[in-house]
Amino acid sequence: MARETTYAGILGDLQRLMGVIEANKAELPQLEPFWIKLEGVLTQALGVSQQQAALKAAKQEASKQMRRLTSEGQRLANVIRTAVKEHYGIREEKIAEFGLQPFRGRKVRLTKKPKPSAPPDGGPAGPTTPVP
């Protein structure tokens with residue numbers, strides 16, 4: 001028989017053993033102190049298992065509530081940041097205190113004049129005049 005490794009499997013095995021002991025209690029009086037202890041341990045373990053299941057459910061509910069609250073908090077923060085931009089203006093440095101980037105204008109790109117391109121035949125660029 002394979003040895004149980006999960007808590008549920010071990011508790012099930014202990015419950016089965018307790019059932020067998022109860023059925024054969026008269027034939028095994030010398031084991032009475034041990035099965036009484038086992039019964040107490042099993043009762044405690046089942047109580048802890050139920051508590052663990054209740055805590056798992058509570059944790060899942062708390063996680064669900066946390067997701068809802070953080071989502072609502074982010075929406076409210078966006079409203080406040082928009083109102084701050086409206087109040088101070090988008091160019092004021094004061095809005096940086098609220099975690100917003102002030103508009104400082106666009107960066108000016110230096111435009112370079114395009115290089116004159118060589119004609120496709122490889123000749124000199126520019127107007128050509130016939131040579132007499």
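Everything here concerns the structure above.
The present account deals with the structure reproduced in this document. (Residues numbered from 1 in each chain as written. Predicted model: local features only at pLDDT ≥ 70, side-chain atom pairs only at ≥ 80, totals over all residues. Heavy atoms only, no water.)

## Focus: helix α2 (residues 32–88)
Along its 57 residues, α2 runs 81 Å from first to last C-alpha, staying within 8% of the 84 Å computed at 1.5 Å per residue. Among the residues of α2, those classed as buried are W35, L38, L42 and V84. If you follow the buried residues of α2, they end up packed against α1 (7–23). Taken from the residues just after α2, G89 is the one with a positive phi, measuring 100°. (Helix = DSSP H or I, 4+ residues; strand = E, 2+ residues; numbered from the N terminus. Expected span 1.5 Å × (residues − 1). Buried < 20%, exposed > 50% of the residue type's maximum accessible area, 1.4 Å probe, protein only. Contact = heavy atoms within 4.5 Å.)

## Let's talk about the packing of aromatic side chains
Taken as a whole, this structure holds 1 aromatic pair when the rule is applied. Geometrically, the ring pair formed by Y88 and F98 is tilted, given 6.1 Å between the ring centres and 35° between the ring planes. Of this pair, Y88 sits in helix α2 while F98 sits in the segment after α2, placing them 10 residues apart in sequence. On the accessibility criterion, F98 (34% relative accessible area) is partly exposed. (Phe/Tyr/Trp six-rings, centres within 6.5 Å; stacked < 30°, edge-to-face > 60°.)

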